[in-house]
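# Reading the structure
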Amino acid sequence: MFTHVMIGSNDLERARGFYDATFAALGGKAGRMDERGRLIYAYAGGRLMITKPIDGNPATAANGGTIGIVAASRDHVLAWHAAGTANGGTAIESPPSERPNGAFVAYLRDPDGNKLTARTQPAQ
């Protein structure tokens, strides 16, 4: 459905440390910096891009927004959560857990305050 998701950061090197660690925990690769100074992560057919805002104002997190990232297994979700909290992220909501639909989920805020979730696909 989407070609990419773009979020802002006030400190791209701090963001790189967080996202490199969390994507590695999911089996993904480290991000790359493009010629425009944006971090790009390609994973599971999608792209997450992180940039300093082009208008020069500080980056802010979306109020009510959440970015969901697919995980292959419960262990990947747990590793993602551990990598995130060890690299500047903040654990939020409930501890990693299974939902009534069978999906295993965890939530974090990245160092810039963006809300993220890693989750397995729900049982069919």
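As recorded in an unreviewed UniProt entry, the protein chain goes by the name VOC domain-containing protein, listed as coming from Methylobacterium hispanicum.

### Some thoughts on the packing of aromatic side chains
Counted under the stated rule, the structure contains 5 aromatic pairs. Measuring from centroid to centroid gives 5.1 Å for F23 and Y41, while their planes differ by 15 degrees, and the two rings are stacked. Taken together, the positions of F23 in helix α1 (residues 12-25) and Y41 in strand β3 (residues 39-43) put the pair 18 residues apart, joining distant regions of the chain. Look at Y41 and you get buried, because its relative accessible area is 1%. One aromatic cluster is present, built from ring pairs that chain together F18, Y19, F23, Y41 and Y43.

### Comments concerning the nonpolar core
Side chains that are nonpolar tend, in soluble globular proteins, to be buried together. By size, the foremost hydrophobic cluster in this structure holds 25 residues, and its most contacted members are Y19, F23, Y41, L48, I50 and W80. For this core, the secondary-structure elements that each account for two or more residues are α1, β3, β4 (46-51), β5 (67-70), α2 (74-86), β8 (104-109) and β9 (115-119). Here this core takes 7 residues from α1, the largest share from any one element. Leaving out residues up to four positions away in the same chain, F23 has contacts with G28, K29, Y41, Y43, L48 and I69.

### Looking at the packing of α1 against α2
Between α1 and α2, the least distance of the axes is 8 Å, while the angle of their chain directions is 165 degrees. One finds that α1 runs roughly antiparallel with respect to α2. Every pair of crossing elements has a handedness; the one defined by α1 and α2 is right-handed. Of α2, the residues touching α1 (which contributes F18, A21, T22 and A25) are H76, A79, W80, A83 and G84. A class-by-class count of the residues in the contact of α1 with α2 yields 6 nonpolar, 3 polar and no charged.

### Describing the pattern of salt bridges
This model, assessed by the stated rule, comprises 4 salt bridges. The partner of E93 in a salt bridge is K115, and the shortest N-O contact between them spans 2.5 Å. Here the residue E93 occupies a position in the loop between β6 (90-91) and β7 (97-98), and K115 occupies one in strand β9, the gap between them amounting to 22 residues.

### Let's talk about the sheet that holds β3
Spatial strand order, β1-β4-β3-β2: 4 strands in an open sheet with mixed pairing. The two strands at the open ends of the sheet, each matched to only one other strand, are β1 (5-8) and β2 (32-33). Bridge count for β2 against β3 is 2 bridges, and the pairing is antiparallel. When the bridges of β3 are listed, R32 appears paired with I40.

Definitions and cut-offs
Residues numbered from 1 in each chain as written. Predicted model: local features only at pLDDT ≥ 70, side-chain atom pairs only at ≥ 80, totals over all residues. Heavy atoms only, no water. Phe/Tyr/Trp six-rings, centres within 6.5 Å; stacked < 30°, edge-to-face > 60°. Helix = DSSP H or I, 4+ residues; strand = E, 2+ residues; numbered from the N terminus. Buried < 20%, exposed > 50% of the residue type's maximum accessible area, 1.4 Å probe, protein only. Core = buried A, V, L, I, M, F, W, Y, C linked by side-chain atoms within 4.5 Å. Contact = heavy atoms within 4.5 Å. Axes fitted to C-alpha atoms, helices over the stretch in contact; angles between N-to-C directions. Parallel < 35°, antiparallel > 145°, perpendicular 65-115°, else oblique. Left-handed = near helix turned anticlockwise from the far one by under 90°. Nonpolar A, V, L, I, M, F, W, Y, C, P; charged D, E, K, R; others polar. Salt bridge = Lys/Arg side-chain N within 4 Å of Asp/Glu carboxyl O. Pairing = 2+ DSSP bridges.

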